[in-house]
Amino acid sequence: MQKKYKIILVIIAGIALVLALLWYYQQQGLLKVFPTAEDRLIKKLTVIDRSKFKSPEGLSEEKLQEAISRLEQQRDKILENPKDSQAWFDFAHTKEFLNDHAGAAAAWEKSFELQPYNFITSGNLGNVYEYFLKDYPKSEFYYLKSLEVKPDNRSAYDGLADLYRYNWSGKADLLEPLLLAAIEKDPTNNVAYYATLVEFFASSNNWDKARAYLENVVKLNSEKAKELLEAYPALK
């Protein structure tokens, strides 16, 4: 009986030694046997849960199934090469199309981690966190990251303007400096930025500032100035 126990102990010790050696070689990058934390994360991020999908309005069942098939193909592409930032971006884009906003955000974050200089990815994260997931600090973070890469990115300025003006309570005082920065960095769209400032201060009954910014609109686009005067007669 003791001999039998000794044999069992030797077998167990041998298995433990083999496992330890396999783990060591995996840590050295010489082979891969055990799933890593990154493997588990990738598996989690690439889950396709149809219960979270909501068909876009007016989309036929056939087109919906095509979108889900496309998503499955994009998942397979990620699994072939998890370092492909574009594959993660495309996977996120399709999840967003299917109204799985949390799943889209998670995949876009992975894409951003791999390629932080893609201003579209960070801009998309700003949008999804602002308008769907309601995580305003994260939304601000990603909009600002987008502007770091592309300082004239109007969509990021517009998203931040909505965030500060309408959605994130207590942040309205950040709107004016934001739009003044936008005017400097993105002069092509100055009329829109000045008009937003006019509307913001007129809505706040700060007529002096509203009129001051209206003067800029008058110089740049008389038709837009006329629209603002019609919308806010007190500016006259």
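What counts and how
- Residues numbered from 1 in each chain as written.
- Predicted model: local features only at pLDDT ≥ 70, side-chain atom pairs only at ≥ 80, totals over all residues.
- Heavy atoms only, no water.
- Helix = DSSP H or I, 4+ residues; strand = E, 2+ residues; numbered from the N terminus.
- Expected span 1.5 Å × (residues − 1).
- Contact = heavy atoms within 4.5 Å.
- Salt bridge = Lys/Arg side-chain N within 4 Å of Asp/Glu carboxyl O.
- Buried < 20%, exposed > 50% of the residue type's maximum accessible area, 1.4 Å probe, protein only.
- Lys, Arg positive; Asp, Glu negative; His and termini not counted.
- Polar contact = N/O pair within 3.5 Å; in protein donor to acceptor, adjacent residues only side chain to side chain.
- pLDDT = per-residue confidence, 0-100.
- Core = buried A, V, L, I, M, F, W, Y, C linked by side-chain atoms within 4.5 Å.
- Patch = residues over 30% accessible without salt bridge, like charges linked within 9 Å, V, L, I, M, F, W, Y side chains within 5 Å.
- Areas by Shrake-Rupley, 256 points an atom, 1.4 Å probe, with all protein chains shown as cover.

Right, let's talk about helix H3 (residues 61–80) for a bit. Compared with an ideal rise of 1.5 Å per residue, which puts 20 residues at 28 Å, H3 spans 29 Å between its outermost C-alpha atoms and is within 8% of the ideal. Contacts made by the buried residues of H3 are with helix H4 (85–97).

Here we take up the pattern of salt bridges. Enumeration according to the criterion identifies 14 salt bridges in this entry. Among the ionic pairs, lysine 138 bridges to glutamate 109, the shortest N-O distance being 3.7 Å. Placement of the pair is lysine 138 in helix H7 (residues 136–149) and glutamate 109 in helix H5 (residues 101–114), with a sequence separation of 29 residues. You can call glutamate 109 partly exposed: its relative accessible area is 23%. Between glutamate 176 and lysine 209 there is a salt bridge whose closest N-O contact spans 2.8 Å. Of the two residues, glutamate 176 sits in helix H9 (residues 175–185) while lysine 209 sits in helix H11 (residues 207–220), which places them 33 residues apart along the sequence. Residue class for glutamate 176 comes out buried when judged on its relative accessible area of 16%.

On to the side chain of aspartate 186. When you line up the elements, aspartate 186 lands in the loop between H9 and helix H10 (190–203). The buried charged residue aspartate 186 lacks any salt bridge, with arginine 154 as its nearest oppositely charged partner at 5.7 Å. Side chain to side chain, aspartate 186 and tyrosine 193 meet in a polar contact 2.6 Å long. For aspartate 186, the residues in contact, after removing those within four places along its chain, are Asp152, Arg154, Tyr157 and Tyr193.

With 85% of its residues at a pLDDT of 70 or more, the chain has an overall mean of 90. Within the model, pLDDT remains below 50 along residues 18–23, and this stretch shows five contacts once partners closer than five positions in the same chain are excluded.

Taken as a class, soluble globular proteins show a tendency for nonpolar side chains to be buried jointly. Core analysis: the largest hydrophobic core is formed by 31 residues, its most contacted members being Leu160, Val198, Leu214 and Val217. Of all the secondary-structure elements, those providing two or more residues to this core are H7, helix H8 (154–167), H9, H10, H11 and helix H12 (222–231). Here this core takes eight residues from H10, the largest share from any one element. With sequence-adjacent residues up to four places away left out, valine 217 is seen in contact with Tyr194, Ala195, Val198, Ser222, Lys224, Ala225 and Leu228. Grouped together as the second largest cluster of nonpolar side chains are 24 residues, Ile48, Leu71, Ala87 and Val128 included.

Turning our attention to a nonpolar patch on the surface. Together, Tyr131, Phe132 and Leu133 give the surface a local cluster of nonpolar side chains, amounting to about 260 Å² of exposed area. Tracing the chain through its elements places phenylalanine 132 in the loop between helix H6 (119–131) and H7. Phenylalanine 132 sits in the partly exposed class, given a relative accessible area of 44%.

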